[in-house]
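# Chains, contacts and geometry: an overview
The lines below spell out each chain.
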Amino acid sequence: MLVLYYAIYAELNLLCAAVLLYVLYKLSSADRSAEMRAFASVVGSTFVILLLDTAWSFVEPHTDQVLLNYAINSFYLFDGGLICYFWYVYIELKLKNWRILHRNALVLLALPLLLLGALCVAAPFCSWLFYIDANNVYHRGDLFFIQYTVSYGYIAAASYHVCRKLKGAADKWERSVYLTLLSFFVFPIVGGVLSIIFYGLPTAWASATLSLLMIFMNLQSYQISVDQLTGLNNRRSFDRYLAELLSDDKTFCLLMLDVDKFKGINDVYGHVEGDKALRKTALLLKEVCGRDNVFLARFGGDEFSVLIKNGGAEEAQELTADIKKTFETAQKAGEDNFSLAISIGFAESWSGCTAEQLISAADKKLYEEKGKLRPRRAGRAAR
């Protein structure tokens, strides 16, 4: 019976490890941003812990391998904390908190993990964290709670930040992303509690694997919904969100934005600089449009769109002024070869309007705005 238990234990772990190996393979061809590297670190560390757990199931039945059992469990418990540390870093990067990449921030964040590591190293010499008896059986020590405190502390802190973002999510898609991220808190908690109640039940890392697979699938969907050049929502996301707002039958505003003389940037400086101009435009728009009720997307080419949920003409005018002020400030800084300016037109939704009608109304205002600029530019050229 005991042999059958260890066999099932190992098979479940190896199945989960195979799933994560596939995820790692797919991630190897993804972008190498700091965010994706952090997620790959979570997956890789979980893959390692499943292998360690499998190795333990083969070693513990043999009473002559006490030292090996100590080594496996020490690495196992430290890796459990490491997974949660990487998860916290991933969440911070996912939520665009780039300060986490600062060396001092990472070192400070790692202090609880270093404490756990010291206890793991000391395990063969004292029984604080765990000990192995004469029959090569693993037992938890009096300070084992530190392992849970460190591991779940990282996850709980990350989940708190996700919940705050979930509260201000702009649309159903964004909410689904945050809810999927929270699964890495809920699933391992449930699995961990079950493994505590039913000691030896291999549920903790199986539930973590399921959560990571869900998050990976969500990331794949995210890639489809994001413009690869600018990192903004793409036209597909815009159409979906616009349809959602229209179905709510509440007043909102659409802003259509166009980079002035973008063709000239491409013709004079080349397409590399043209791409740089689009990325710079996206970056400036993110600075202004980072509000809970604002949805920003690249509409296509050098056109961008902004949707203000539950906002009217007054909010649109205020946001338009903020955007233009931001671009004027950036232009005065003179950091780029090209001149970057933007024209904006907006339209407020009305009862029964369609997506095409609202886009057409905002486009009309946009090109009226661009038309007003032409005489001024012609006057400058004459002088």
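Now for a description of the structure that goes with this document. Just so you know, these numbers come straight off a predicted model, no measurement behind them.

## A closer look at the overall build of the protein chain
- Helices and strands together make up the secondary structure of the protein chain, namely 12 helices and 6 strands.
- Against the compact-globule benchmark of 21 Å for 383 residues, the protein chain has a radius of gyration of 27 Å, which places it well outside the compact range.
- Taking the principal axes of its C-alpha atoms as reference, the protein chain extends roughly 95 × 45 × 30 Å.
- A separation of at least 24 residues holds for 71% of the contacts in the protein chain among residues at least 6 apart in sequence.
- As displayed, the protein chain has an accessible area near 19700 Å², and 61% of this comes from carbon and sulfur atoms.

## Some words on the packing of aromatic side chains
- A full pass over the atoms with the stated rule returns 11 aromatic pairs.
- The interplanar angle of 45° and the centroid separation of 5.4 Å between the aromatic rings of Trp87 and Tyr90 together place this pair among those described as tilted. One end of the pair is Trp87 and the other is Tyr90, both in helix α3 (residues 66-94) and 3 residues apart, which spans about a single turn. This pair shows no difference in class: Trp87 is buried, exactly as Tyr90 is.
- A ring pair is formed by Phe238 and Phe299, whose centres lie 5.4 Å apart and whose planes are at 80°; its orientation type is edge-to-face. Taken together, the positions of Phe238 in helix α8 (residues 235-248) and Phe299 in strand β4 (residues 294-300) put the pair 61 residues apart, joining distant regions of the chain.
- Note on Phe238: relative accessible area 0%, which makes it buried.
- Put simply, the rings of Phe39, Trp87, Tyr90 and Phe184 touch in pairs and so form one group of aromatic residues.

## Digging into a negative patch on the surface
- A cluster of like negative charges, contributed by Glu314, Glu315, Glu318 and Glu348, occupies part of the molecular surface.
- Here the negative patch takes 3 residues from helix α11 (residues 313-333), the largest share from any one element.
- Summarising the element assignment, Glu315 is placed in helix α11.

## Description of empty space enclosed by the protein
- All told, the structure shown has 1 cavity of 30 Å³ or more when counted by the stated rule.
- Estimated volume of the largest cavity: approximately 40 Å³.
- Forming the walls of the largest cavity are Tyr90, Lys94, Val177, Thr180, Leu181, Ile215, Asn218, Leu219 and Tyr222.
- Among the elements that take part in the lining of the largest cavity, helix α7 (residues 204-225) stands out by supplying 4 residues, more than any other.
- Residues of the lining of the largest cavity, tallied by class, amount to 6 nonpolar, 2 polar and 1 charged.

## Looking at the pairing of strand β3 (residues 253-259)
- Among the 7 residues of β3, 7 are classified as buried, and the element is accordingly described as predominantly covered.
- Of the two faces of β3, the one carrying Cys253, Leu255, Leu257 and Val259 and the one carrying Leu254, Met256 and Asp258 are both buried.
- Note: β3 against strand β5 (residues 303-308), 6 bridges, orientation antiparallel. Its bridge partner lying in β5, Cys253 is registered against Ile308.
- Where β3 and strand β6 (residues 342-348) come together, 7 bridges link them in antiparallel fashion. Note that in β6 the partner of Leu257 across the bridge is Ile344.

## Considerations on the pattern of salt bridges
- Within the structure shown, the criterion is met by 7 salt bridges.
- Measuring nitrogen to oxygen at the nearest pair gives 2.8 Å for the salt bridge that ties Lys370 to Asp260. Within this pair, whereas Lys370 is found in helix α12 (residues 355-382), its partner Asp260 is found in the loop between β3 and α9 (262-269), the two being separated by 110 residues in sequence. We note that Lys370, like Asp260, is buried.
- Measuring nitrogen to oxygen at the nearest pair gives 2.9 Å for the salt bridge that ties Asp267 to Lys263. You can see Asp267 and its partner Lys263 sitting in helix α9, 4 residues apart, about one turn around the helix.
- Among the charged side chains, a network of salt bridges with common partners joins Asp258, Asp260 and Lys370.

## A look at α9
- All of the buried residues in α9 are Phe262, Ile265 and Asn266. Looking straight down α9, one finds its buried side chains confined to an arc of 95°; they lie on one side. Facing away from the buried side of α9 by more than 90 degrees, the exposed set consists of Lys263, Asp267 and Val268.
- Those residues of α9 hidden inside the fold are in contact with β3 and α10 (271-289).

## Here's the deal with a nonpolar patch on the surface
- Taken together, the side chains of Leu108, Leu111 and Leu114 make up a nonpolar region of the molecular surface, amounting to roughly 320 Å² of accessible area.
- Along the chain, Leu111 turns up in helix α4 (residues 103-122).

## Some thoughts on the environment of Asn136
- Take Asn136: it is sitting in the loop between β1 (130-132) and β2 (138-140).
- For Asn136 and Leu68, which are 68 residues apart along the polypeptide, the C-alpha to C-alpha distance reads 9.7 Å.
- Leave out the neighbours within four places in its chain, and Asn136 touches Val59, Glu60, His62, Thr63, Gln65, Val66 and Asn69.
- From its side chain, Asn136 meets the backbone oxygen of Val59 in a polar contact 3.1 Å long.

What counts, and where the lines are drawn
Residues numbered from 1 in each chain as written. Predicted model: local features only at pLDDT ≥ 70, side-chain atom pairs only at ≥ 80, totals over all residues. Heavy atoms only, no water. Helix = DSSP H or I, 4+ residues; strand = E, 2+ residues; numbered from the N terminus. Rg over C-alpha atoms; globule rule 2.2 N^0.38 Å. Contact = heavy atoms within 4.5 Å. Areas by Shrake-Rupley, 256 points an atom, 1.4 Å probe, with all protein chains shown as cover. Phe/Tyr/Trp six-rings, centres within 6.5 Å; stacked < 30°, edge-to-face > 60°. Buried < 20%, exposed > 50% of the residue type's maximum accessible area, 1.4 Å probe, protein only. Patch = residues over 30% accessible without salt bridge, like charges linked within 9 Å, V, L, I, M, F, W, Y side chains within 5 Å. Salt bridge = Lys/Arg side-chain N within 4 Å of Asp/Glu carboxyl O. Lys, Arg positive; Asp, Glu negative; His and termini not counted. Charge placed at Lys NZ, Arg CZ, Asp CG, Glu CD. 1 Å grid on protein atoms, 1.4 Å probe; cavity = no way out; pocket = protein on both sides within 12 Å on 5 of 7 lines; lining within 4 Å. Points joined across faces, edges and corners; volume = space filled by probe spheres on them. Nonpolar A, V, L, I, M, F, W, Y, C, P; charged D, E, K, R; others polar. Pairing = 2+ DSSP bridges. Arc of directions from axis to C-beta. Polar contact = N/O pair within 3.5 Å; in protein donor to acceptor, adjacent residues only side chain to side chain.

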